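Survey of secondary and tertiary structure
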Amino acid sequence: MRRLFRISICMLLSFWMVLAAAQTPTRGGTLQSVLWPEPPGIVPGLFLQSPALLPGTKIFESLLTYDFKLEPQPMLAESWTISPDGRKYTFKLRRDVKWHDGKPFTADDVVFTFGEFLVDVHPRSKAVFQRTKVVKLDSHTVEFVLAEPFSPLIRSFDTIGAPILPAHLYKGTDLRKNPANSTPVGTGPFKFKEWKRGEYIHLVRNDAYWRKGLPYLDEIYYRFVPDAASRALAMEGQQFHIATQNDLELIDAARLAKLPYLQATNKGWEWGSPIAWIELNLRKPPYNDKRFRQAIMHALNRQQVRDNIFQGFAKIATGPIHSDSPFYEPQVRNYDYNKAKAEALLDEMGLKKGANGMRTTVKLLGLPYGEVWNRAAESTRQALRQVGIEVVLESSDAAGWVDRLKNWDFEMIMTYLTTLSDPALGVSRTFLTDNQRKGVPFTNESGYSNPKVDALFKEAASTVDEARRKQLYSEVQKILVEDAAVIWLVELQWPTVTNKRLHDAVINGLGPNGNFAEAWLEKAP
């Protein structure tokens, strides 16, 4: 009996030792990631498509990062203070940070990035940081000075919206044509090694990373696999360790998550809060008539879109602000699926049916990010045809799509946008009259303009009274939804599918757009 007891104790100790070893980060290993479609570039700020951000956020960093509750955490800034009047933000920078080319990171890089780079090229950050003046107090201290308070500023220092670039490589150059855009130099845990067009992007460990002992991984490969079925099979065959966003068809993601060696999570999109919609060029008829836009809203069966196309990885969107936001207003105009209402609005406009049953023909440029978006475009075509609107579907590659978007070369265009932690950061940019910036993507490409909306957004951004801000954003939501400023489809809830050997890839509110410094791979059995 005593011998059996000793054997049981030994077995239990062995079990816990194995379990503890499995949870202890293992150094080394190559992370294989799916990435689709192939991005036009990977410098955040210059390239904002989701496939560009996934590798770019491993190379570049910002002053702060954010946890699952979107509370700020130190990154390149080790500490910060905010003045009582909300007009001065002072950041103490880390002194032990170097760029990947060995040059020291200093306040000059921060002043250049926030004072020149972001306000020139970044559509979201321009609206945020053009209201600030960034001042170098010493080589490792900077101060942001505002003319009036801007409550969302402390949530504006993420790598997606505020990647810090090396002033010694970019200052005084053509930012969009700088050679460093092809061979990025950041401060992050991984360095750019190679981009073999049509095949992969290769990142390697930054051995001089400021977080001592990190990263754990030796390298990351982002591999381009054009065929959706092949991407799913590669995950199933354990050729890849992680896939997210457009990498997998959602029906495949749901199936793969049930396999014993794979898992899926919806965590990590708290920061982005993405909403899918169809944007219309309001400079052209019939899109400039809100009755036409309202008719489209009634003609689309968005419940079916959620269930059948997005496989339940979504919620029906009711307006411009995500339902997870504290500023969300549910009491807006309801656009139920109602073909009779849609047809009545079109009749009221004078768009009568012709002999072929069609009232007008429109063009819809689809989003080139996978089959799910092709199905969403096809579903839109079928739904609108039932109320007499003939839709001609247009296609493009990722680079051509963003080129047409930013140059207003579309009638209708399918897209999705990260609406972020505060409406002043990710929502207002789409609707502000003065943010119509031809040639800059993810601004107000549609041409929507409403002085009342402009005034509401402006006041909401500057007031520090949270109750007043909620009241202002409630009013702006009601106006935008009444105007059907865009055609809201669904709030996206992207699954990230990982092999269970991969640990700590999703650890904060940026999810797979975090820097992977702490990600590690168990050794294969």
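Residues numbered from 1 in each chain as written. Predicted model: local features only at pLDDT ≥ 70, side-chain atom pairs only at ≥ 80, totals over all residues. Heavy atoms only, no water.

1. Considerations on helix α10 (residues 339–349)
Note the cut-off: Accessible area is worked out with a 1.4 Å probe on protein chains only. A residue is then buried under 20% of its type maximum, exposed over 50%, and partly exposed in between. Secondary structure elements follow DSSP: runs of H or I of four or more residues count as helices, runs of E of two or more count as strands, with numbering from the N terminus. To be clear, the arc concerns the directions from the helix axis to the C-beta atoms. The contact definition used throughout considers only heavy atoms, calling two residues in contact when any of these lie within 4.5 Å. In protein, a polar contact requires one atom able to donate a hydrogen and another able to accept it; more generally it is a pair of N or O atoms within 3.5 Å, and residues adjacent in sequence count only if both atoms are side-chain atoms.
Those residues of α10 that sit buried are Ala342, Leu345 and Leu346. The buried side chains of α10 occupy one side of the element, clustering within an arc of 95° when seen end-on. Opposite the buried face of α10, at more than 90 degrees from it, the exposed residues are Ala340 and Glu348. On the buried face of α10, the contacting elements are α8 (290–299) and β16 (389–394). For α10, the capping residue at the N-terminal end is Asn338, with a side-chain oxygen 3.1 Å from the backbone nitrogen of Ala340. Remark: Gly350 follows α10 within two positions and exhibits a positive phi of approximately 95°.

2. Focus on unusual backbone geometry
A cis amide bond, omega -5°, links Trp36 with the succeeding residue Pro37. By the secondary structure assignment, Pro37 is in the loop between β1 (30–34) and α2 (50–59). That bond from Leu214 to Pro215 is cis: its omega, 0°, falls within 30 degrees of zero. On the secondary structure map, Pro215 appears in the loop between β9 (200–205) and β10 (219–223). Residue Leu70 is not a glycine yet carries a positive backbone phi of 65°.

3. Focus: the pairing of β10
Rule in force here: Any two strands with at least two DSSP bridges between them are considered paired.
Judged from the 5 bridges that link them, β1 and β10 form a sheet pairing that is parallel. Opposite Ser33, over in β10, you have Tyr222 as the bridge partner.

4. Considerations on the environment of Lys98
Note that Lys98 resides in the loop between β5 (88–93) and α3 (107–121). For Lys98, a relative accessible area of 43% translates into the label partly exposed. Between the alpha carbons of Lys98 and Pro326 there is a distance of 38 Å; along the sequence they are 228 residues apart.

5. Some remarks on the nonpolar core
Here is the rule: Nonpolar core, defined: a set of buried Ala, Val, Leu, Ile, Met, Phe, Trp, Tyr and Cys residues in which side-chain atoms within 4.5 Å join the residues together.
Core analysis: the biggest nonpolar cluster contains 155 residues, and Leu63, Phe114, Phe144, Trp373 and Trp488 have the highest contact counts within it. For Trp373, the residues in contact, after removing those within four places along its chain, are Asn246, Ala276, Phe310, Leu367, Met414, Thr415, Tyr416, Leu492 and Trp494. Counting residues in each nonpolar core, the second largest holds 12 residues, with Ala232, Ala243, Leu248 and Ala253 among its members.

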